[in-house]
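Secondary and tertiary structure notes
Below are the chains, spelled out letter by letter.
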Amino acid sequence: DPDQTPYELIGGAETVRNLVNAFYARVAQDPDLSPIFPDDFTEVREKQYMFLTQFLGGPHLYSQVHGHPMLRKRHLPFPITPRRAKAWLACMSRAMDDIRLQGPVRDFIFARLSQVARHMVNQPDDTS
Ligand code: HEM
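Residues numbered from 1 in each chain as written. Predicted model: local features only at pLDDT ≥ 70, side-chain atom pairs only at ≥ 80, totals over all residues. Heavy atoms only, no water.

**Topic: the overall build of the protein**
Summing up its helical and strand segments, the protein has 7 helices and 0 strands in all. N-terminal to C-terminal, the α/β element order of the protein is α-α-α-α-α-α-α. The C-alpha atoms of the protein give 15 Å as radius of gyration, which agrees with the globular expectation for 128 residues (14 Å, within 12%). The dimensions of the protein, computed from C-alpha atoms along their principal axes, are 55 × 30 × 25 Å. In the protein, buried positions account for 38% of the 128 residues. Here the protein displays about 7700 Å² of accessible surface, and carbon together with sulfur accounts for 53% of that area. Side-chain charges in the protein split into 15 positive and 15 negative, and the spacing between the mean points of these groups amounts to 5 Å. (Helix = DSSP H or I, 4+ residues; strand = E, 2+ residues; numbered from the N terminus. Rg over C-alpha atoms; globule rule 2.2 N^0.38 Å. Buried < 20%, exposed > 50% of the residue type's maximum accessible area, 1.4 Å probe, protein only. Areas by Shrake-Rupley, 256 points an atom, 1.4 Å probe, with all protein chains shown as cover. Lys, Arg positive; Asp, Glu negative; His and termini not counted. Charge placed at Lys NZ, Arg CZ, Asp CG, Glu CD.)

If you want it as structure tokens, here you go:
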């Protein structure tokens, strides 16, 4: 079916769940990222599951519960530097490896997430 969404192509809810779990396991171990996240990832993991589901063309779970994503605005309370954006994307790439997400659909998803990550940057790298 040429009209399949990325969500359908990767295997739907189960794959998104696995990706999100693998991703935050990586984030929790990342020295640049872990300090700005809460110790308990339960809530952000669930929000990201709902967000990625709709971002990839699945049901609009995030907006049904939390309204318009406004991701840049929701990230403003956190210091997001170019270095942290790179770290976020590295964690995502490794998480994709962890769950063996491969091929053109992986590259497509990663490219789109790279755009969003760049858009989240709200502070320069610490130059001190
Ligand atoms: C929330 C960091 C990029 C999606 C958060 C939180 C932090 C964070 C610290 C809040 C955790 C809390 O609730 O205490 C970062 C960093 C990024 C980044 C450092 C690097 C560029 C992204 C990208 C996406 C994304 C690219 C989209 C795929 C989300 C979502 C939430 C969130 C959906 C939950 C928003 C809410 O409803 O409160 N992020 N993020 N983030 N992030 Fe990111």
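Continuing now.
**Looking at the site of the ligand**
Taken together, 21 residues form the shell around the ligand, and within it Lys 47, Gln 48, Tyr 62, His 75 and Trp 88 come nearest. Separating a nitrogen atom of the ligand from a side-chain N or O atom of His 75 is a distance of 2.8 Å. Between Trp 88 and the ligand, the recorded distance is 3.5 Å, taken from a side-chain N or O atom to a nitrogen atom. Sorting the residues of the shell around the ligand by element identifies helix 3 (42–55), helix 5 (71–75), helix 6 (82–98) and helix 7 (103–120) as the ones contributing at least two each. Classifying every residue of the shell around the ligand by side-chain character gives 16 nonpolar, 2 polar and 3 charged. (Near = heavy atom within 4 Å. Polar contact = N/O pair within 3.5 Å; in protein donor to acceptor, adjacent residues only side chain to side chain. Nonpolar A, V, L, I, M, F, W, Y, C, P; charged D, E, K, R; others polar.)

**Quick word on the coordination of the iron atom of the ligand**
Inspection of the coordination sphere of the iron atom of the ligand shows a single protein donor, His 75 (NE2), at 2.0 Å. Checked against the element boundaries, His 75 lands in helix 5. (Donors = N, O, S within 2.8 Å, 3.2 Å for Na, K, Ca; no water.)

**Observations regarding the packing of helix 2 (residues 12–28) against helix 6**
Closest axis-to-axis distance for the helix 2/helix 6 pair is 8 Å, and the angle between their directions is 130 degrees. For the element pair helix 2 / helix 6, the angle class is oblique. Judged by the twist between their axes, the crossing of helix 2 over helix 6 is right-handed. Two secondary-structure elements touch here, helix 2 through Leu 19, Ala 22, Phe 23, Arg 26 and Val 27 and helix 6 through Trp 88, Cys 91, Met 92, Arg 94, Ala 95, Met 96 and Asp 98. Looking at side-chain class alone, the contact of helix 2 with helix 6 contains 9 nonpolar, no polar and 3 charged residues. (Axes fitted to C-alpha atoms, helices over the stretch in contact; angles between N-to-C directions. Parallel < 35°, antiparallel > 145°, perpendicular 65-115°, else oblique. Left-handed = near helix turned anticlockwise from the far one by under 90°. Contact = heavy atoms within 4.5 Å.)

**Re helix 7**
Its 18 residues give helix 7 an end-to-end C-alpha distance of 26 Å, which sits within 8% of 26 Å, the value for a rise of 1.5 Å per residue. Looking at the buried positions of helix 7, the neighbouring elements they touch are helix 1 (6–10), helix 3, helix 5 and helix 6. (Expected span 1.5 Å × (residues − 1).)

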